[in-house]
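The residues making up each chain are set out below.
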Amino acid sequence: MRPNLSAALMCAVLAGGAVAAPRQMESLGRGLVVMDMPDGDAFVGWRLLATDPDDITFNVYRSTYGGAPTRLSADPIGERTMLVTRAQATGVPSAYAVRPVIDGVEGPPSQSYEHATQSTPQPYISIPLQIPPGASPNDASVGDLDGDGEYEIVLHVAGRGRDNSRPGLTDPPILEAYKLDGAMLWRIDLGINIREGAHYTQFMVYDLDGDGRAEVACKTADGSTDGVGNVIGDAHADHRAENGYILSGPEYLTVFDGATGAALATTDYIPPRGDVAAWGDDYGNRVDRFLACVAYLDGARPSLVMCRGYYTRTVLAAWNWRDGALSHVWTFDSDDGTPGNDDYAGQGNHGLSVADVDGDGRDEIVYGACAIDDDGTGLYSTGLGHGDAMHLSDLDPSRPGLEVFDIHENPNHEHAIELRDARTGEIVWSRPSEDVGRGMAMDLDPRHIGYECWASGRGPDGIYSAQGRLISDTKPRSCNMGIWWDGDTLRELLDHTTISKWNWLDGSESTLLAAADYGCASNNGSKGNPCLVADILGDWREEVIWRTEDNSELRVFTSTTPTDHRFTTLMHDPVYRLSVAWQNVAYNQPTQTGYYMGPDMAGQPMPDTTLTP
């Protein structure tokens with residue numbers, strides 16, 4: 001069941017005095033993937049799209065040695081978007097394709113997937129890298145860079161880095177783009193005047209202008225070199241101080257062509273650093289805390305939002321990239337003297353989230369303990385202060401609207417962990433603690449409706465239900481990432497290189513995948529993140545991308561566990577797609593859907609969408 005929400009959204013938007021319009025989303029192909037299974041079978045998975053009719057079914061075909069294709073099922077497949085079939089003999093080259101069947105009529109084939117059975121099945125796709133010596137693959141994002149309907153990977157390549165709180169020279173941050181077959185598309189070198197570290201380079205990969213090809217946007221500086229060799233600003237400038245901080249020189253925002261890496265437009269970054277001490281210290285820590293996201297501020301088309309500051313002064317600047325022009329839309333500044341804006345200072349996290357929290361059809365930015373409305377004005381500030389993790393979804397489906405689970409660092413109040421109404425900021429429940437370092441919200445336990453919540457810190461021990469009841473004195477060992485992996489609608493735990501299942505009856509964990517056994521490593525030190533978790537291939541479940549220990553490859557792992565559920569690709573849910581875009585920002589957080597996903601879900605809501613060309 002996939003209820004269409006266009007009528008509900010129309011009513012909500014009209015109530016707010018605006019005209020509803022379909023959301024512009026990516027025109028994706030079927031994302032066909034084939035993986036060998038240990039028992040001699042082959043797993044075939046493909047996408048269901050938001051624009052597919054409810055009664056669509058599929059035929060799956062395979063050809064060998066370039067011969068005529070053979071259908072792999074007696075009847076069209078309608079109850080799921082996966083098939084387990086007997087694999088070909090080892091080394092036999094095969095081509096797989098899927099054809100939709102609508103009203104009994106078979107449609108054209110998908111892009112084919114070339115596959116040869118391996119003698120030792122591996123649960124991943126290898127992507128060889130061409131990164132500079134001594135560098136390491138770090139955060140990644142995806143977008144359809146070349147318009148073929150399938151995702152490419154944009155990879156942040158990191159050398160020597162520094163946290164903002166520590167002096168020292170760093171290597172220049174690098175962005176590289178790869179197709180899933182390993183073909184390298186381009187390299188962007190941000191140069192010596194951009195510092196390397198988790199809080200400096202937040203890169204957005206999204207189709208901002210609706211031409212069917214994703215752009216890449218990030219902060220640049222003198223000496224940044226685009227994917228075709230053109231230098232931005234002064235190629236010879238060196239604005240680094242002896243201690244490694246970069247507190248002088250121009251700062252830019254650049255939009256790059258996703259297919260070539262060429263700079264399409266460059267403008268001054270808003271806001272400029274100005275008086276460094278005005279951001280909370282005078283040595284360069286808090287002034288260079290950056291965040292970024294994509295949001296549908298008009299309800300129909302995506303806008304770019306680049307941010308600076310969250311410990312004290314907080315500034316968000318919205319931009320549109322449309323018809324070949326980069327235009328400034330609005331700026332929110334906690335320190336610009338606008339009455340009430342000073343309530344928003346010091347409320348940001350090491351991350352953010354985006355959704356239409358007030359039901360007007362347009363997106364808001366949940367910026368830690370506060371929210372900024374689609375027009376660049378403050379929606380609410382809780383005053384609860386900074387934290388390191390936050391989750392936004394329909395965490396409690398027994399309540400109307402969306403909820404936020406947020407945590408707070410060294411709080412001077414009793415709400416160290418809190419679940420609040422995403423629209424109003426009203427606290428639904430909370431628990432005290434002296435300090436909370438991490439927090440998680442996802443559906444682990446089918447006995448309780450909604451997402452379970454837990455945190456790492458002194459005080460909030462155990463697992464809490466979405467309604468705030470302590471339901472277990474034992475909590476998972478990790479408080480890091482989540483992934484939809486094993487085929488049910490509960491979510492699995494992901495920490496460093498391990499995916500595990502929470503056993504709610506006895507409070508234990510079972511390992512489902514240990515990627516370290518396949519030579520993989522995680523990123524960002526104690527944060528223990530993969531490069532990316534997102535639904536980029538196959539059926540509705542998420543893939544996870546790790547780097548190899550020797551930094552020579554990315555490995556894309558996809559689940560081959562059969563599933564009885566058929567859902568539209570999560571990438572056609574606007575909240576989820578935007579969460580993939582901001583996942584690389586600062587302290588990586590797990591993706592979230594704009595609806596409750598779990599054992600008690602009442603179908604999969606589908607917003608009104610239009611696909612790019």
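A. How the structure looks around a negative patch on the surface. A surface patch of like charges, here negative, comprises Asp335, Asp336, Asp342 and Asp343. Within the fold, aspartate 336 resides in the loop between strand S22 (325-333) and strand S23 (353-355).

B. Region of interest: the domain arrangement of the protein chain. Along its sequence, the protein chain is carved into domain 1 (23-124) and domain 2 (137-288). Taken over C-alpha atoms, the centre of domain 1 sits 37 Å from the centre of domain 2. Facing ten residues of domain 1, the contacting portion of domain 2 comprises ten residues. Summed over both partners, the interface of domain 1 with domain 2 buries about 710 Å², with 38% contributed by carbon and sulfur atoms. Broken down residue by residue, the surface that domain 1 buries against domain 2 is led by Gln24, Glu26 and Gln111, which jointly contribute 55%. For the pair domain 1 and domain 2, the number of links is one salt bridge. The interface formed by domain 1 and domain 2 includes four residue pairs in polar contact (both at pLDDT 80 or more).

C. Region of the structure containing the sheet that holds strand S21 (residues 315-322). Read across the open sheet, the four strands follow the order S19-S20-S21-S22; overall the sheet is antiparallel. Taken across any chain shown, the strands that pair with only one partner, and hence form the sheet edges, are strand S19 (290-295) and S22. This sheet shows a mean twist of 20 degrees between the axes of neighbouring strands, independent of strand direction.

D. Examining helix H2 (residues 574-582) more closely. Extensive coverage of H2 is indicated by the burial of nine of its nine residues. Here H2 has its buried residues at Pro574, Val575, Tyr576, Arg577, Leu578, Ser579, Val580, Ala581 and Trp582. Buried residues along H2 sit against strand S1 (23-25), strand S11 (136-143), strand S15 (204-206), S19, S23 and strand S40 (532-534).

Here is what the cut-offs are and how they apply
Residues numbered from 1 in each chain as written. Predicted model: local features only at pLDDT ≥ 70, side-chain atom pairs only at ≥ 80, totals over all residues. Heavy atoms only, no water. Patch = residues over 30% accessible without salt bridge, like charges linked within 9 Å, V, L, I, M, F, W, Y side chains within 5 Å. Areas by Shrake-Rupley, 256 points an atom, 1.4 Å probe, with all protein chains shown as cover. Salt bridge = Lys/Arg side-chain N within 4 Å of Asp/Glu carboxyl O. Lys, Arg positive; Asp, Glu negative; His and termini not counted. Charge placed at Lys NZ, Arg CZ, Asp CG, Glu CD. Helix = DSSP H or I, 4+ residues; strand = E, 2+ residues; numbered from the N terminus. Domains from an automatic or database assignment. Contact = heavy atoms within 4.5 Å. Buried area = accessible area lost by both parts, 1.4 Å probe. Polar contact = N/O pair within 3.5 Å; in protein donor to acceptor, adjacent residues only side chain to side chain. Pairing = 2+ DSSP bridges. Axes fitted to C-alpha atoms, helices over the stretch in contact; angles between N-to-C directions. Buried < 20%, exposed > 50% of the residue type's maximum accessible area, 1.4 Å probe, protein only.

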